[in-house]
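Architecture at a glance
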Amino acid sequence: MPVGIDDLAIYIPKLYVDYKDFAKARGIDPQKLEYGIGIRKMALVDTNQDPACMAANACLKLMERNHLHPKDIGRMYVATESGLDESKAMNSFVVGMLEQVYGEDAFEHAGGIECKFACVSGSYAIYDNANWIRADENNGKAAIVIVSDIAKYDIGSAGEYTQGAGAIAILVKDNPRLLSFDQKVTSTIIKNEYDFYRPIGKETPLVNGNYSNLLYLIQVRKAFDGYKEKAIKTGLISLKDGESITDHIDYFSVHLPYRKMGEKALAYLLRHEWRSLPRWRQVIRELGMEEPLPKDPRGTIESILADVEFMKTDDKFRRAFMQTSFYNEVYEKKMASSLEASAIIGNLYTASMYMGFRSLLEFEYKKGVELEGKRVGFGSYGSGSSAMVFSGRIQPGYKEVVKKMNLEDEIGTRTKLSMEEYEKLHEGRTLALNESILHNSREFVLTKVGGITADKAGFREYVYAN
Ligand code: CAA
């Protein structure tokens, strides 16, 4: 029985900063942001928004669009790294908001939890819910997994231009219209790491930028090795002489902390997969340089990063490789469409890979490409750190969903903030919830947060603003 993604609905807050304003204020060349990072607009939350109300807004859209009743939903999970309470799960807030629309106790049968493992937890949540359906525990019902986050970094830090905010509600069911997951090939990897983390009580993360980039690449590649082994063993993919597993994947959708990271992940993966194949000689011929090796190829990430000479030549090699016809053919055909949304929204942590998947569907469809039966390979990464690699095939019913996709329309009219307004918002100087910049209607907003000691301490109150 095919199980997978039937539809996805997005909620992106309507405030943003423009990269040109940002570059000017920070004294950065705008070309670095546009091309070096791949960002043009970064979405930001208003004073009366949080990850829970973004999640509820995305979920309500998904349900209304698909004429779903709460009875059709057996489980609702929220995956996030922007938790609001050390104990109370975010899906409980979401259920509370949705019941304002669907009536008290409308979701009481729909169990679920909040999941956390940085940006990868949504993929674990989807995998677990797909298996819940496969195990026939679902009593004919579907699951909704909502990925929702606010990526917020310190002002003036290198992470500041990789911010963003938004939520995606994903409908997981049998006989899905969009994508059916390939079975028995999902592969995961995990290691205790401190590449990016946010200690309890701290609003912004502590980041080891270059380390996190390299760790992402290594972890996804290791999970990809596990995927490859399983795909060959189960007969999902059989390789002829000279073929690479990447030849059997029609699209790549990977975690996108920023657009350029997707491009770099593809380059890393192709280098790893092609290095031992006859085609590599042709790549090297076009490049006119040999691939460099670190002094200690079996060394730690720290030792590789400390190998300055190697890092310099490897960067040169990687940039040159990304200019070759070999890389560009794969990039244009199999990845470029998945990166479009990232450039105008920014990092969505748990939601960023799923925004990439949605972007790929919309923009490939708009190019007129026939997508039925195409295999999408996913590379999900969460700092801390874990990676999950899996794949699925686009289903015959996809057009019914994809033809209605329109990213700009779904985001809605956006309001550009000046850098002054942005900084005020960032530092919480406009603290009052009722001092929001926008007054959006037909969506959930946060109206009150209980103090520490008062009656209803810690309560978060939301309303559906008409
Ligand atoms: N024109 C065009 N490009 C330019 C340029 C210019 N004038 N100036 C610089 N660039 C290019 C650089 O050459 C570089 O390109 P390559 O990647 O091809 O080498 C690119 O711009 C980035 O510049 P830097 O290497 O100087 O990097 P930075 O100091 O700006 O930091 C970062 C980049 C490490 C990603 C930083 O933004 C950061 O720490 N971000 C947060 C952490 C993060 O996103 N890590 C990603 C992996 S971890 C993860 O994925 C989990 C998660 O969601 C956080």
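Residues numbered from 1 in each chain as written. Predicted model: local features only at pLDDT ≥ 70, side-chain atom pairs only at ≥ 80, totals over all residues. Heavy atoms only, no water.

Regarding the packing of aromatic side chains
Inspection of the entire model under this criterion finds 18 aromatic pairs. Ring geometry for Phe378 against Phe390: centres 4.8 Å apart, planes inclined by 10 degrees, an arrangement best described as stacked. Taken as a pair, Phe378 in strand 13 (residues 375-382) and Phe390 in strand 14 (residues 386-394) lie far apart in primary sequence, twelve residues in all. With respect to burial, Phe378 and Phe390 carry one shared label: buried. Taken together, Trp274, Trp280, Phe317, Phe321, Tyr327 and Tyr331 form an aromatic cluster joined through their ring pairs. Cation over ring: Lys41 sits above Tyr16, and NZ or CZ is 4.9 Å from the ring centre. Taking NZ or CZ as reference, Lys88 lies 4.7 Å from the ring centre of Phe93, over its face. (Phe/Tyr/Trp six-rings, centres within 6.5 Å; stacked < 30°, edge-to-face > 60°. Helix = DSSP H or I, 4+ residues; strand = E, 2+ residues; numbered from the N terminus. Buried < 20%, exposed > 50% of the residue type's maximum accessible area, 1.4 Å probe, protein only. Lys NZ or Arg CZ within 6 Å of the ring centre and 35° of its normal.)

Comments concerning the confidence of the model for the protein
The predicted model of the protein averages 96 in pLDDT, with 99% of residues at 70 or higher. Averaged pLDDT values over the elements of the protein bottom out at 90 in helix 9 (residues 301-306) and peak at 99 in strand 7 (residues 164-174). (pLDDT = per-residue confidence, 0-100.)

Focus: empty space enclosed by the protein
What the rule picks out here adds up to three cavities of 30 Å³ or more. Of the voids in this model, the largest cavity is the one considered here, and its volume is about 140 Å³. What lines the largest cavity is a set of 17 residues, among which Val220, Phe224, Val254, Leu269 and Gly379 lie closest to the centre. Going through the elements one at a time, helix 6 (209-233), strand 12 (251-254), helix 7 (259-274), strand 13 and strand 14 are the ones with two or more residues in the lining of the largest cavity. Top element by residues in the lining of the largest cavity is helix 6. It accounts for five residues. In terms of residue class, the lining of the largest cavity is made up of 14 nonpolar, two polar and one charged. Taken as a whole, the second largest cavity holds about 40 Å³ of empty space. As for the second largest cavity, its lining consists of Leu256, Ser338, Ala341, Ser342, Gly346, Leu348, Ser352, Met355 and Gly356. Among the elements of the structure, helix 12 (340-345) and helix 13 (352-366) are those that each provide at least two residues to the lining of the second largest cavity. (1 Å grid on protein atoms, 1.4 Å probe; cavity = no way out; pocket = protein on both sides within 12 Å on 5 of 7 lines; lining within 4 Å. Points joined across faces, edges and corners; volume = space filled by probe spheres on them. Nonpolar A, V, L, I, M, F, W, Y, C, P; charged D, E, K, R; others polar.)

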